[in-house]
Amino acid sequence: MASLKDVRVGEACTVSKLGGTGAIKRRIMDMGITKGTHIYVRKVAPLGDPIEVTVRGYELSLRKDEASCVEVTDVAKAEKGVA
Amino acid sequence: MAEKIDIALAGNPNCGKTTLFNELTGSNGYVGNWPGVTVEKKEAVWKKDDSVLFTDLPGIYSLSPYSPEEVVSRDFIISGRPSAIIDLVDVTNIERNLYLTTQVLETGRPVVVGLNMCDLLAQRGEKIDAKRLSKILGVPVVEVSALRSKNLDELVKTAVDSGRANKVAQGVKCFSPEVEKALGTIANTIADSCAPDLLRWYSIKAFERDSAAIEPLHLSKQQLEDMEKVIEPIERDRDDDSESIITSERYEWIATVMGACVVKAPGKLTVSEKIDRVVTNRVLGLPIFIVIMIGVYWVALVAVGTPATNWVNDNLFSDGFFVNGDGQAAYEEADEAWQDAHYTDQISGFIAAAEEAGVNTDGVQDAIGADPQTADDEATIAAFEEDAEKAGVVATNVPITNSDGNFVDTEGNVITKLDADGNPVPAAGQEVDVLPTVTAADFKTAVDTPEPDQHDYDGFVDSIPNAVTGWLTEADASDVVISLVVDGIIGGVGSVLGFIPQIFVLFVMLCFLEDCGYMSRVAFVMDRVFRRFGLSGKSFIPMIVSSGCGVPGVLATKTIENERDRRMTAMLTTMIPCSAKLPIIALVMGVLAGGSNMWWVAPMFYLMGIAAIIISAVMLKKTKRFAGEPVPFVMELPDYHMPAIKSWALHVWERVAAYIKKAGTIIFAAAVGIWALSNFGLAGWEGGDGSFGFLQAMDGAPDTYMDYSILAGIGGALSFIFMPLGFGNWQATASTISALIAKENLVSTFGVLYGLGDATENSVSMWQGFASMFTVAGTLHVGAMCAFVAFNMLCAPCFAAMGTIRRQMDDPKWFWFAIGYECGFGWVIGLLINQFYELFVFGNFGFWTVVAFVLLALMIWQLFRPMPKWDEKDEHILDNLAEEPVA
């Protein structure tokens, strides 16, 4: 199973399951990353972590540790900016 | 007058809520903190009707039990029961904004939804059907523009009407049939335990097993077990926990609302996205960040801020200033001419020569220096001149001193060695610069040529202390009153006011960075570096700022979104040497290197500060106080936009005003306190009567009257603390205490305690005085001196910074913890330096050496041990409702 952490810049994917517990899981979901959400990975910070994604029409940054809690499917190259 | 009504403003961060609040209230209200947390609380009345009170809730994404912002918001709504809630929604980001709305609608309060930034939406070619949305949400929906002040009155009036009529929002049925059925069962179970308004809220919270939320209901074990029976099967069925089911279904429901009410345009690259592609670019991101930081630093501390603050301190609070350029030029010319003639050197050289020639010189120097001169003084001088002329005294080779009182060589370089009598000892190749001869006539001229006085020139405005001293003297006030007002009160107020220009300039820039959206990119770019030390990417800004001044540095921690990081940064950021600590560094450089260019000494202190912060952060992160669940760094990167001048200005004013109010009081009190300690005491000097009183004004008080003050007593009593650090004398302790008013006081207090008068950190006599304090059996004890300096660099900052920490923490326990840690850490580092120096250089081994080794071992252990595992049980969300009887 792929996680959001492994999705490369410029690729999009769909959330299939959320791992993790407590504050981190709730926060990820509160920000709109729920099952079935479409996510586009926009870029990686200059030092390689965190990453920036487009979700539900806005920009969100999350650390790779946190991204590894998000299981995804349908990873594919996507047009810029369209999520 | 209409009945009072209170309205809460809720909304996501960056939805324009602050702009709305400022537009509605004109920002004339109360700014403070929510109790017990560092989250800001703002309250103010409507500018059109002061019976309407607004409370600005923190910007939040959800009403979850995890972050302090969310907890204070939901507690305020659930327990505070505002009359109505205005929920502001940013329509350019409507999906995520409506997520909070669905939760706010469940809190059983009248709610009005404001749709903000509809104009931006129109620009994108998108449209929203407000009427339809209102029908779906079951509450009034008003389209507004907070920035352009459009429809705001209608928004407030709708909220006031709903509040007065108590039209409670019913909440939306946003969940799937199975979940709604379970919620119905739960509602039946708890119906008797809670208010009907809140039944929906508590049913959902019970379903989520949110222990903190349902605790006030005091449900019985039976009720909890009954509820558990309906929750558990759904979770099994969905293979997910109940909290996640609720969250997912809210978003699914919102997606259907979006389909019904919003017409979307095809996405294209916006301006904001274009900017962002450059500034957080993988290659350019860091260089751009560094350039911006250097820019902030330069403007705030070099170009505008510090000069402005220095201007205030030097002119308003110290020397006075000129408003007339010609007057100033004339004064400066006269002053330079006076300096170049070396009149003071002529006078002291001539007197010394006269003494050698056997002429009576008793009291001559004092008579010349007396201001105003009495008839006696004049007679003393005249008699001396006559005697000297008779004896034919001519002084030869009188050494020249510069404005720091240092002897110079013919090249103009300072001579850095003095013999026991204070005469210059030139180094090899140096020749003391001298005045070849000073005759009696020269002496007469020198005595008769007074130092140019600024007051005699056009356009001179006196400084506040000088002016006030003048008024009080005219009004025949006693010396105690003058000293209290001038040294204590004006000194204290001055230390607060002096920082204002700097803070103002800094916040103009920081608020811009924050309002335009770059601040969250700072966290994005720097997160990786700072996370290693348990700090936030945004901790970088306070630290940069603190190298200029700790006060704005601590205030800048406001932009850190996580509370733990905010507290940690506020605690540690003052360990970076600020500009007031530079004189101390200069003093040490003088002693160690005699003022020669040892360029690496100053950077060492900055490195020490950075190392102290990193070591402290790593150690503290592993303590219980800073432990807890890992804090998510899931953060919105808002669109870039040009902040509106008005809200930018208000934002700056709010921060500056908060500083003046809160920090001002504590600094003021502390400054007056230290003033009293150093000016009152027992007249214990030779010829003194031993009575208690205001020392300066007592009979026969010596220049070093501070030796007899209460401060000296306290210094003596506390000096044992610093014995193991090698500077257990009362002078060092008293200087350390008085440095709490302002760190640069350390140097001037030394001057007073050692009777060095106006010597500065650049004076050779000051270096020798300072070195003598640490000289044991003729050898300079470098270890003790470094320990003293390290302690003063790292321990509690000045009162201004402490007052700011107090305000930022807004919790006495945290404040004292911060101050205690800083002092403790400084002490330990001082101990290590001194003891290891003694061990390795002098070969001394004793009890404190053992203590030093133990402390060092403890520090290393704390630094390198793995992160301890604290109780990992999630206290907010229970695994099983029935497992643990709530409350």
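As a reminder, the structure under discussion sits directly above these lines.
Worth saying up front: this structure is predicted, and the values here are computed from it rather than measured.

K.L.:
Quick question: what am I supposed to make of the overall build of chain A here?
P.N.:
What chain A contains, in helices and strands, is two helices and six strands. Listed by position from the N terminus, the elements making up chain A come as β-β-α-β-β-β-α-β. Rg of the C-alpha trace for chain A: 11 Å, near the compact-globule value of 12 Å for 83 residues, within the 12% margin. Relative to its 83 residues, chain A shows a buried fraction of 61%.

K.L.:
Which parts of the structure should I look at to understand the sheet that holds strand β4 (residues 49-56) of chain B?
P.N.:
Sheets are built from strands paired through backbone hydrogen bonds, the pairs being either parallel or antiparallel. Residues and elements named next belong to chain B. Taken together, seven strands build an open sheet; the order of strands is β2-β3-β4-β1-β5-β6-β8 and the sheet is mixed. Each having just a single partner strand, β2 (30-33) and β8 (141-143) make up the two edges of the open sheet. Averaged over all pairs of adjacent strands, the angle between their axes in this sheet comes to 25 degrees, without regard to strand direction. The sheet contact formed by strand β1 (residues 5-11) and strand β5 (residues 84-90) spans five bridges and is parallel. Paired with Leu9 across the strands is Ile86, a residue of β5. Against the sheet, helix α6 (residues 152-165) touches β1, β3 (40-46), β4, β5, β6 (111-116) and β8, its axis set at about 165 degrees to β6.

K.L.:
When you look at a nonpolar patch on the surface in this model, what are you seeing that I'm missing?
P.N.:
On the surface, Leu682(B), Phe692(B), Ile710(B), Ile714(B), Leu718(B), Phe720(B), Ile721(B) and Met723(B) cluster together into a nonpolar patch covering about 710 Å² of accessible area. By the secondary structure assignment, Leu718(B) is in helix α30 (residues 710-718).

K.L.:
Can you help me understand the interface of chain B and chain A in this one?
P.N.:
How big an interface is tends to be reported as the loss of accessible area on association of its parts. Facing the 47 residues of chain B at the interface are 35 residues of chain A. Surface buried jointly by chain B and chain A totals about 3900 Å² across both partners, of which 54% is contributed by carbon and sulfur atoms. For Arg531(B), the salt bridge goes to Asp49(A), with nearest N and O atoms at 2.8 Å. Here chain B and chain A share 16 residue pairs in polar contact (both at pLDDT 80 or more) between them. Residue assignment for the side of chain B that touches chain A shows that the elements contributing at least two residues are α3 (94-104), α8 (199-208), α11 (242-261), α12 (271-279), α13 (285-303), α23 (518-531) and β14 (635-636) of chain B. When residues in the side of chain B that touches chain A are grouped by element, the largest group, six residues, is from α23(B). Here the residues of the side of chain B that touches chain A sort into 17 nonpolar, 10 polar and 20 charged. Summarising the sheet, strand β5 (residues 58-62) of chain A and β14(B) pair through two bridges and their orientation is antiparallel.

K.L.:
Sorry if this is basic, but what is going on with the sheet that holds strand β1 (residues 2-3) of chain A here?
P.N.:
Overall, antiparallel pairing links the seven strands, which are arranged β1(A)-β6(A)-β2(A)-β3(A)-β4(A)-β5(A)-β14(B) in an open sheet. In the strand order of this sheet, the two ends are held by β1 of chain A together with β14 of chain B, each with one partner. Of the pairings in the sheet, the one linking strand β4 (residues 51-55) of chain A to β5(A) comprises five bridges and is antiparallel in character. Each residue of the ladder has a partner; that of Val53(A), found in β5(A), is Leu60(A).

K.L.:
In this structure, what is going on with the nonpolar core? I would like to understand it.
P.N.:
One recurring pattern in soluble globular proteins: nonpolar side chains tend to sit buried together. Residue and element names in this part refer to chain B. Membership of the largest hydrophobic core comes to 125 residues, with the highest contact counts inside it found for Leu572, Phe727, Phe770, Phe788 and Phe825. A total of 13 residues in this core trace back to one element, the largest contributor, which is helix α36 (residues 812-842). With residues up to four places along the chain from it excluded, the contact list for Phe788 reads Phe727, Ala732, Thr736, Leu746, Phe750, Phe770 and Phe774.

K.L.:
Would you mind going over the packing of helix α26 (residues 563-572) of chain B against α36(B) with me for this structure?
P.N.:
Between two packed helices, what matters for the description is the angle formed by their axes and the separation of those axes. All names here are of chain B. Between α26 and α36, the shortest axis-to-axis distance is 9 Å and the interhelical angle comes to 45 degrees. By the criterion of interaxial angle, the relationship of α26 to α36 is oblique. Between α26 and α36 lies a crossing of right-handed hand. Contacts from Arg567, Met571 and Leu572 of α26 reach α36 at Trp814, Phe817, Ala818, Tyr821 and Glu822. Looking at the contact of α26 with α36, its residues break down into six nonpolar, no polar and two charged.

Calculation notes
- Residues numbered from 1 in each chain as written.
- Chains lettered and ligands numbered in written order.
- Predicted model: local features only at pLDDT ≥ 70, side-chain atom pairs only at ≥ 80, totals over all residues.
- Heavy atoms only, no water.
- Helix = DSSP H or I, 4+ residues; strand = E, 2+ residues; numbered from the N terminus.
- Rg over C-alpha atoms; globule rule 2.2 N^0.38 Å.
- Buried < 20%, exposed > 50% of the residue type's maximum accessible area, 1.4 Å probe, protein only.
- Pairing = 2+ DSSP bridges.
- Axes fitted to C-alpha atoms, helices over the stretch in contact; angles between N-to-C directions.
- Contact = heavy atoms within 4.5 Å.
- Patch = residues over 30% accessible without salt bridge, like charges linked within 9 Å, V, L, I, M, F, W, Y side chains within 5 Å.
- Areas by Shrake-Rupley, 256 points an atom, 1.4 Å probe, with all protein chains shown as cover.
- Salt bridge = Lys/Arg side-chain N within 4 Å of Asp/Glu carboxyl O.
- Buried area = accessible area lost by both parts, 1.4 Å probe.
- Polar contact = N/O pair within 3.5 Å; in protein donor to acceptor, adjacent residues only side chain to side chain.
- Nonpolar A, V, L, I, M, F, W, Y, C, P; charged D, E, K, R; others polar.
- Core = buried A, V, L, I, M, F, W, Y, C linked by side-chain atoms within 4.5 Å.
- Parallel < 35°, antiparallel > 145°, perpendicular 65-115°, else oblique.
- Left-handed = near helix turned anticlockwise from the far one by under 90°.

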